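What the coordinates show
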Amino acid sequence: MITALRPVTRTVTYTRWLHLVTAAVLATVFAFVSPGLGNVNSPAGAWLLVVPLPFLAAAAMVPGVRLSEGMQAQLLLFPAGRSGPEPDFTPARSASWADRRRTAVWLIVRYEAGVVTAFLSVHVPALVIGLIGSASGGGPVHTPLWTPGPGHWSYALLGLLVPVLFLAFVVLAGEALARAARALLGPSAAQRLAALEERTERLLEHNRLARELHDSVGHALTVAVLQAGAARAAGSPEFTDKALAAIEETGRHALEDLERVLKILREDASGAAAARPALTDVERLLTAARGSGTEVAAEVSGALEALPGPVSREGYRIAQEALTNVVRHAGPVPVSLRIAVRADVLELDIRNPLPRSAGSAVSGTGSGLRGIRERAALLGGHAETGVHEGAWRVRAVLPLNA
């Protein structure tokens, strides 16, 4: 019983009732302008359901009408704080002819439902009074809905039942109108798909930026910590000066990367962000790795300047992450870095002896190694990380036509 009465106690039921009734204002205007249309007791009154429709269709061609109707629907059909799901639309102007057609259908649906609701709202009270009056022995009361005959006690029961039925009609009509608003004022299937694709692209971009920060800042911190430790252990002023210079340079590049990423996240177009490093800057990686005590033997074949921008930038990050993993997990061990630019692919091959304690770098489950494989896959290539011929190897192949 309580569940059945719950819709009657909800504020949204009455705001939806108000939204329905206000749609009948146009019918009132036509009733005043065209005498005879307001006489609901005659067939001419039925023309009120037809005559305004061309005007509503014409109004729907104005882009701002959709925005106005959407705002009304959001305020009255989906008021803030109500229980249940949020509306599936955001008020917006018509952006296409499909939007205009859907707006026209909405205006017609709202008008027809509103006229019927307003008619019942006015005449149901008169019917109830007539039924109760007839039950008490009074004469028949003429109403457009029904004229009770000679008095009968059962009319009193009908007088109590009619308001209940009317409230049920208001609840159902309001819910139906809310569903119509979602379908007609909300985004179309194509618009929802476009919004989903935009959100997916945004998430992918955020994931890419997260990888950028992981690679750049993680590399800088790893190198800085190891170089500072090596400088303290060496006890040589000359070595300490070199280590501090390397830490300064590595930190500066990391700050540039951090500034660029934060500008993208803020969507701040003012000021030129630092350019992303590419394989032409690979000497920077070699200097930082060697400064931490790692022996790096580099072999470069082919023109790095001829590489496409995305391939060169992602190749730099792959080499950076591979060298960072060596410094972090294997310590000062010999590393071989081979970069080969061929006619159609870029090949990166980084190898180092296995560390004494095989950790995440050997298991291949670290987030950095996963990022290497993701970078290669995004460019249509592939990456392999793991033990090969008694050494730890990171090998990536990136197609140049990606």
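Residues numbered from 1 in each chain as written. Predicted model: local features only at pLDDT ≥ 70, side-chain atom pairs only at ≥ 80, totals over all residues. Heavy atoms only, no water.

Per an unreviewed UniProt entry, the recorded name for the chain is histidine kinase, and the organism is Streptomyces hiroshimensis. As recorded by UniProt, the Catalytic activity (unreviewed entry) comment attached to the chain reads in full: "ATP + protein L-histidine = ADP + protein N-phospho-L-histidine." (UniProt positions renumbered as here; feature names shortened; annotations may be inferred.)

Let's shift gears to the overall build of the chain. Each helix and strand counted, the chain has 13 helices and five strands in total. Look at the contacts in the chain between residues 6 or more apart in sequence, and 70% of them connect residues 24 or more apart. (Helix = DSSP H or I, 4+ residues; strand = E, 2+ residues; numbered from the N terminus. Contact = heavy atoms within 4.5 Å.)

Consecutive side chains of a regular strand alternate in pointing toward one face of the sheet and then the other. Two elements, strand 4 (residues 382-388) and strand 5 (residues 391-399), share seven bridges in a ladder whose sense is antiparallel. Opposite Ala383, over in strand 5, you have Ala396 as the bridge partner. In this structure, the hairpin formed by strand 4 and strand 5 is closed by a connection of two residues, where Glu389 is found at a positive phi of approximately 55 degrees. (Pairing = 2+ DSSP bridges.)

With that out of the way, let us pick up the packing of helix 2 (residues 11-22) against helix 5 (residues 63-76). For any two helices packed against each other, the geometry comes down to the angle between their axes and how far apart the axes lie. Between helix 2 and helix 5, the shortest axis-to-axis distance is 9 Å and the interhelical angle comes to 150 degrees. Put simply, helix 2 runs roughly antiparallel to helix 5. Counting all contacts with helix 2, which are made through Val12, Thr15, Arg16, Leu18 and His19, the residues of helix 5 involved are Gln72, Ala73 and Leu76. Classifying every residue of the contact of helix 2 with helix 5 gives four nonpolar, three polar and one charged. (Axes fitted to C-alpha atoms, helices over the stretch in contact; angles between N-to-C directions. Parallel < 35°, antiparallel > 145°, perpendicular 65-115°, else oblique. Nonpolar A, V, L, I, M, F, W, Y, C, P; charged D, E, K, R; others polar.)

Mapped onto the present numbering, the UniProt feature "transmembrane region" (unreviewed entry) falls on residues 20-38, 44-65, 111-133 and 153-174. Between the end C-alpha atoms of residues 111-133 there is a gap of 33 Å, over a span that is 100% helix and 0% strand.

For the chain, per-residue confidence averages 79 on the pLDDT scale, and residues scoring 70 or more make up 78% of the total. Contacts for the low-pLDDT stretch residues 268-274, under 50 throughout, to residues beyond four places or in other chains number eight contacts. (pLDDT = per-residue confidence, 0-100.)

Together, Leu158, Leu161, Val164 and Leu165 make up a nonpolar patch on the protein surface, roughly 340 Å² of accessible area in all. Note that Leu161 resides in helix 7 (residues 154-184). Residue Leu161 is classed as partly exposed on the basis of its relative accessible area of 41%. (Patch = residues over 30% accessible without salt bridge, like charges linked within 9 Å, V, L, I, M, F, W, Y side chains within 5 Å. Areas by Shrake-Rupley, 256 points an atom, 1.4 Å probe, with all protein chains shown as cover. Salt bridge = Lys/Arg side-chain N within 4 Å of Asp/Glu carboxyl O. Buried < 20%, exposed > 50% of the residue type's maximum accessible area, 1.4 Å probe, protein only.)

Moving on, we come to the packing of aromatic side chains. With the rule as written, the count across this model stands at three aromatic pairs. Ring pairing ties together the aromatic residues Tyr14, Trp17 and Phe166, which thus form one cluster. The positively charged end of Arg100 is found above the aromatic ring belonging to Trp97, 4.6 Å away from the centroid. (Phe/Tyr/Trp six-rings, centres within 6.5 Å; stacked < 30°, edge-to-face > 60°. Lys NZ or Arg CZ within 6 Å of the ring centre and 35° of its normal.)

A word on empty space enclosed by the protein. With the rule as written, the count across this model stands at three cavities of 30 Å³ or more. Considering the residues around the largest cavity, the lining is formed by Ser216, His219, Ala220, Thr250, His253, Ala254, Asp257, Arg284, Leu285, Ala288, Tyr316 and Gln320. Secondary-structure elements contributing two or more residues to the lining of the largest cavity are helix 8 (189-234), helix 9 (237-266), helix 10 (282-291) and helix 11 (309-330). Partitioned by chemical class, the residues of the lining of the largest cavity number five nonpolar, five polar and two charged. (1 Å grid on protein atoms, 1.4 Å probe; cavity = no way out; pocket = protein on both sides within 12 Å on 5 of 7 lines; lining within 4 Å. Points joined across faces, edges and corners; volume = space filled by probe spheres on them.)

Relative to the elements of secondary structure, Gln320 occurs in helix 11. With relative accessibility at 3%, the residue Gln320 sits in the buried group. A polar atom in the side chain of Gln320 sits 2.9 Å from the side chain of Arg317. (Polar contact = N/O pair within 3.5 Å; in protein donor to acceptor, adjacent residues only side chain to side chain.)

Attention now goes to the pairing of strand 5. The element strand 5 is largely enclosed, with a buried count of eight among its nine residues. In this structure, strand 3 (residues 345-353) lies alongside strand 5, joined through nine bridges in antiparallel fashion. The partner of Leu348 across the bridge, within strand 5, is Ala396.

Quick look at the sheet that holds strand 1 (residues 296-301) now. Sheet architecture is open: five strands sit in the order 1-2-3-5-4, paired in mixed fashion. Sheet topology places strand 1 and strand 4 at the edges, where each strand pairs with a single neighbour. Direction aside, the axes of adjacent strands within the sheet are offset by 10 degrees on average. Sheet topology note: the strand 2 (residues 335-341)/strand 3 ladder contains six bridges and is antiparallel.

So, on to the environment of Ile372. Note on placement: Ile372 falls in helix 13 (residues 367-378). Considering only alpha carbons, one finds Ile372 and Ile318, 54 residues apart in sequence, at a separation of 5.6 Å. Discounting residues that sit within four places of it in the chain, Ile372 has contacts with Ile318, Glu321, Ala322, Ala383 and Val394.

In terms of backbone geometry, most residues other than glycine have negative phi values and most peptide bonds are trans. For Glu389, which is not glycine, the phi dihedral falls at a positive 55 degrees. Structurally, Glu389 can be placed in the loop between strand 4 and strand 5.

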